[in-house]
Amino acid sequence: MRIALVSEGTYPFAMGGVSIWCEQLIRGMPDYRWQVVALTVDGTEEPVFPVPGNLDRVQSIPLWGGGPDDHRPRRAGRGRPGAAFTDSYEVFLRALVTPLETTSPEEGATNRGLFLLALRGFYEYAAAGGDLGAALMSNEALGMMIDAWGDLRVSDSEPAPTLADALQATWLIEHMLRPLSAPVVEADIVHCSMNGLSTLVAMTAKWRYETPSVMSEHGIYLRERYMSYLEGDASHAVRVLVLSFFRSLAGAAYLTSDVLAPHSAYNRRWQLQNGAEPERMWTMYNGVEPAEFPAAIGEPETPTIAFMGRIDPLKDLHTLIRAFALVRAEMPEARLRIFGGTPAVNRFYHESCVQLIDELGLTGAAVLEGRIGNAVDAYHAGSIVALTSISEGFPYTVVEAMACGRPTVCTNVGGVAEAVGDTGIVVAPRDHAAVAQACLTLLRDDERRRNLGIAARQRVLDHFTLSQSLQMYRNVYEGLVVPLTAGAEARHLRGLGEVSR
């Protein structure tokens, strides 16, 4: 079986939970042949993972490369792309500029269908030799956007979109639609590691070769785009339009995927809210290999809170640092050890964490220790492990810490509470006082801390092992390649009795 695994900004060029999951799938199914389609920045990225023997190819689709000035919106072109493009673009804009709050569920479903139809039109235009990027940036397309955009205004108090707004929004969308013009992947199954832009790769394979597709969702892609763009530097009009694009794309992906594999019940509820059909959904929890995460023997001499993960605003380390300041006031000997690398795009966030530590008088007690060779050492270094994210899927760090016999203090986002169960303490996100109180509760109670650690490892052994996770995906893959029976309206999945609905 040939499986194409699609990633965006992750495997094999960046570390993180999604990348770990990708490598687990490839190495865990050595009898399958794999290729990776990676949506990258400019195509110059270097792999950070060794190449598995059954990974035949890595195809990079650069979204933002193209020249030294490509980070700026370019001028609109003078050429006329013709009806083959403008007919689809008119449908695209109609779906894009319809305010969400004005639609009924039925109208929302219609808009998602129209958006998907427009995307197919763009693909066919590019497949026939058209320059989709040039067409999107043409004067004609820019004028069509400005004419349609008036309906997007959600309040008369907001300024009307300007020509500069339309140019910036068009430039962003042109880059994000580049997978529609890329060479179409050939495989038996296309598996998207997340919603969003990676699903465009699966769509083109379905339209060209009728290839079935699976879409996993670790975190909620659409929610994270909202969180990112609502705090961005773009104008209000541009942010609204771009978020409408992401919302429409997510809904279209739910329509076209043969199997939706949310990584938690939380993600499943979000998908249902945004138009996914329950008949095509199977909840698939991440798993770890228990032998690789042995239970810790003993604890550090000093009460220690450990964090393991990338340095990223989504991890909300500011809340963790502020919580530690309250812990330190009650327990002066306590330490906070933050393990994990910093992606280049997050270097300013790393600096802000260091600055906050200094401002709160925590220098020396709270330390960002950088990337660590073995994650187990990070989990064993803490008396407890904390995760204060504002967005998560089903995080590996929590399950790995539990496998190591460490109780956790986590924020209630994504599937975190499903992972932790009653083996740790879960509090509201962005509430540093609640995080501090939970940490103090565990650090002060030796017996409870030990008992929760034992229960945490047992919970992983019962529910979240790698072998269980891989078997679920194998069942899905083998079920999808069963040919459709005559007159069937959907693919009948075989062997899914062990997969949680």
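Our structure is the block above this text.
Q: Can you lay out the overall build of the chain for me, pointing to particular residues and giving the numbers?
A: On a plain count of helices and strands, the chain comes out with 18 helices and 12 strands. In terms of principal-axis extent, the alpha carbons of the chain reach across some 70 × 55 × 45 Å. Buried positions account for 54% of the 501 residues belonging to the chain. Contacts in the chain between residues far apart in sequence, at least 24 positions, make up 72% of those at least 6 positions apart. By element, 51% of the accessible surface of the chain is carried by carbon and sulfur atoms, the whole surface being about 21300 Å².

Q: Please set out the sheet that holds strand E6 (residues 259–262) residue by residue, giving values where relevant.
A: Pairing in this open sheet of 6 strands is parallel, and the strands run E3-E2-E1-E4-E5-E6 from one edge to the other. Among the strands making up the open sheet, the edge pair consists of strand E3 (55–62) and E6. Each strand axis lies, on average, 20 degrees off the axis of its neighbour in the sheet, ignoring direction. Here 7 bridges tie strand E1 (residues 2–8) to strand E2 (residues 33–40), and the two strands are oriented parallel to one another.

Q: Now, about unusual backbone geometry: what can you tell me, with residues and values included?
A: Put simply, Tyr-11 and Pro-12 share a cis peptide bond, and its omega is 0 degrees. Following the sequence through the fold, Pro-12 ends up in the loop between E1 and helix H1 (17–28). The backbone of Asp-316 shows a phi angle near 50 degrees, a positive value even though the residue is not glycine. By the secondary structure assignment, Asp-316 is in the loop between strand E7 (304–308) and helix H11 (317–330). Classification of Asp-316 as buried rests on a relative accessible area of 7%.

Q: Residues and numbers for the packing of aromatic side chains, please.
A: In this description, a pair of aromatic rings is defined by centroid distance and the angle of the planes. Taken as a whole, this structure holds 20 aromatic pairs when the rule is applied. Arranged with centres 5.2 Å apart and planes meeting at 20 degrees, the rings of Phe-85 and Tyr-89 form a pair that is stacked. Pair noted here: Phe-85 and Tyr-89 are both in helix H2 (residues 83–96), with a separation of 4 residues, about one helical turn. Across the pair, exposure class does not vary: Phe-85 and Tyr-89 are buried alike. Through a chain of ring-to-ring contacts, the aromatic side chains of Phe-85, Tyr-89, Phe-92, Phe-115, Phe-122, Tyr-125, Phe-245 and Phe-246 assemble into a single cluster. Over the ring of Tyr-32 we find Arg-474, and its NZ or CZ is 5.0 Å from the ring centre.

Q: Talk me through the pattern of salt bridges; I want residue IDs and the actual numbers.
A: Any two side chains of opposite charge can pair if their charged atoms end up close together. Scanning the entire structure with this criterion turns up 15 salt bridges. One salt bridge in this structure joins Glu-277 and Arg-280, with 3.3 Å as the shortest N-O distance. What makes Glu-277 partly exposed here is its relative accessible area of 37%. The closest approach of N and O atoms between Asp-312 and Arg-310, which form a salt bridge, is 3.2 Å. Classification of Asp-312 by relative accessible area gives buried; the value is 12%. What makes Arg-310 partly exposed here is its relative accessible area of 31%. Through salt bridges with shared partners, a single ionic network connects Glu-299, Asp-446 and Arg-449.

Q: How would you explain the sheet that holds strand E11 (residues 408–411) if you had to name every residue and give the values?
A: Here we have 6 strands laid out as an open sheet, ordered E9-E8-E7-E10-E11-E12, and parallel in their pairing. Only two strands of the sheet have a single partner each, and these edge strands are strand E9 (366–370) and strand E12 (425–427). When the angles between neighbouring strand axes are averaged without regard to direction, this sheet yields 20 degrees. With 3 bridges connecting them, strand E10 (residues 384–387) and E11 associate as parallel partners. Residue Ala-386 lies in a different strand from E11, and its bridge partner there is Val-409. Sheet contacts for helix H16 (residues 432–444): E7, E10, E11 and E12; angle to E12, the most-contacted strand, approximately 170 degrees.

Q: For the pairing of E6, give the residues involved together with the corresponding values.
A: Going residue by residue along E6, you find Val-259 and Ala-261 tucked away on one face and Leu-260 and Pro-262 tucked away on the opposite face as well. Both strand E5 (residues 213–217) and E6 contribute to a ladder of 4 bridges, which runs parallel. In the sheet register, Val-214 faces E6, and the bridge partner there is Val-259.

Q: Describe H16, naming the residues involved and giving the relevant values.
A: Taking 1.5 Å of rise per residue, the 13 residues of H16 would be expected to cover 18 Å, and the 18 Å separating its terminal C-alpha atoms lies within 8% of that figure. Those residues of H16 lying buried are Val-435, Ala-436, Ala-438, Cys-439, Leu-440, Leu-442 and Leu-443. Looking at the packing, one finds that the buried side of H16 touches E7, H11, E10, E11, E12 and helix H17 (446–463).

Q: Describe the nonpolar core, listing the residues and the values that go with them.
A: Of all hydrophobic cores here, the largest spans 162 residues; its most connected members are Trp-34, Phe-92, Leu-119, Phe-122, Leu-197, Phe-245 and Tyr-477. With 11 residues, helix H9 (residues 236–256) is the largest single contributor of residues to this core. Among all residues touching Leu-197, those that are not within four sequence positions of it are Glu-8, Leu-39, Leu-63, Met-176, Pro-179, Tyr-221, Phe-245, Phe-246 and Leu-249.

Procedures and definitions
- Residues numbered from 1 in each chain as written.
- Predicted model: local features only at pLDDT ≥ 70, side-chain atom pairs only at ≥ 80, totals over all residues.
- Heavy atoms only, no water.
- Helix = DSSP H or I, 4+ residues; strand = E, 2+ residues; numbered from the N terminus.
- Buried < 20%, exposed > 50% of the residue type's maximum accessible area, 1.4 Å probe, protein only.
- Contact = heavy atoms within 4.5 Å.
- Areas by Shrake-Rupley, 256 points an atom, 1.4 Å probe, with all protein chains shown as cover.
- Pairing = 2+ DSSP bridges.
- Axes fitted to C-alpha atoms, helices over the stretch in contact; angles between N-to-C directions.
- Phe/Tyr/Trp six-rings, centres within 6.5 Å; stacked < 30°, edge-to-face > 60°.
- Lys NZ or Arg CZ within 6 Å of the ring centre and 35° of its normal.
- Salt bridge = Lys/Arg side-chain N within 4 Å of Asp/Glu carboxyl O.
- Expected span 1.5 Å × (residues − 1).
- Core = buried A, V, L, I, M, F, W, Y, C linked by side-chain atoms within 4.5 Å.

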